[in-house]
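Understanding the architecture of this molecule
Below, each chain spelled out in residue letters.
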Amino acid sequence: SQKIEQNSEALNIQEGKTATLTCNYTNYSPAYLQWYRQDPGRGPVFLLLIRENEKEKRKERLKVTFDTTLKQSLFHITASQPADSATYLCAPNRDDKIIFGKGTRLHILP
Amino acid sequence: DAGITQSPRHKVTETGTPVTLRCHQTENHRYMYWYRQDPGHGLRLIHYSYGVKDTDKGEVSDGYSVSRSKTEDFLLTLESATSSQTSVYFCAISESRASGDHNEQFFGPGTRLTVL
């Protein structure tokens, strides 16, 4: 069955450093991969989408890579800030459905 | 959360009772989804709709039914609520299918359901 794996442990990063989150998938060939941010008590919010034929996508301080050979996506936040603290979900997708990973909790320490 | 509302936002009910959750959108998006989110499981798709009266099952559809009689409304019904259905339920919408452009999902604020 399709499986999405994200860092299960919370990630603590010092303010100003780059945070890197990992998403690995198996038994799946997504055409797209999305990243979402979720704050406590709120619904997820879309951040970035990368297509299978794209290696890298950037948006302000965010960068996403997509390696279909490794079946992995990396999500980077540069110059991290305490306001970046949240849970980040990766979501590979194909056809009509999106499969969400369980998310990685990120804490940016001041 | 703009353009998507869920009702009720909180509900406590008893085992065996039917429950209906409502999702309403003002974006005129074609696709609507119902997810549940539980600790240790993340977001799991229950049912989704790709048009009025067109619905399909997700990975955890047992015990749930849906209906979409209008573009803007997507109802989730727990036919006979059980304690295992205690969860936070999120509705989401997207403009196009998951494999197409503009397929990012926009989520509602969630409904916290407790089944005693």
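Residues numbered from 1 in each chain as written. Chains lettered and ligands numbered in written order. Predicted model: local features only at pLDDT ≥ 70, side-chain atom pairs only at ≥ 80, totals over all residues. Heavy atoms only, no water.

This part is about the overall build of chain A. When its secondary structure is counted, chain A shows 0 helices and 11 strands. For chain A, the C-alpha radius of gyration of 13 Å lies close to 13 Å, the compact-globule estimate for 110 residues. Summarising its shape, the C-alpha atoms of chain A cover approximately 40 × 30 × 20 Å along the three principal directions. Scored against the burial criterion, the 110 residues of chain A give a buried share of 46%. Put simply, 55% of the contacts in chain A that link residues at least 6 apart link residues at least 24 apart. For chain A, the accessible area works out to roughly 5600 Å², and carbon and sulfur atoms hold 47% of it. Measuring between centres, the 16 positive side-chain charges of chain A sit 1 Å from its 12 negative side-chain charges. (Helix = DSSP H or I, 4+ residues; strand = E, 2+ residues; numbered from the N terminus. Rg over C-alpha atoms; globule rule 2.2 N^0.38 Å. Buried < 20%, exposed > 50% of the residue type's maximum accessible area, 1.4 Å probe, protein only. Contact = heavy atoms within 4.5 Å. Areas by Shrake-Rupley, 256 points an atom, 1.4 Å probe, with all protein chains shown as cover. Lys, Arg positive; Asp, Glu negative; His and termini not counted. Charge placed at Lys NZ, Arg CZ, Asp CG, Glu CD.)

For the structure on display, the rule yields 15 aromatic pairs over all chains. Each ring, one from Phe 75 of chain A and one from Tyr 88 of chain A, has its centre 5.4 Å from the other, and the planes form 35°; the classification is tilted. Of the two residues, Phe 75 of chain A sits in strand E8 (residues 72-77) while Tyr 88 of chain A sits in strand E9 (residues 86-94), which places them 13 residues apart along the sequence. Each member of the pair, Phe 75 of chain A as well as Tyr 88 of chain A, is classed as buried. Centroid distance Tyr 31 of chain B to Tyr 33 of chain B: 6.4 Å. Interplanar angle 20°. Geometry classified as stacked. (Phe/Tyr/Trp six-rings, centres within 6.5 Å; stacked < 30°, edge-to-face > 60°.)

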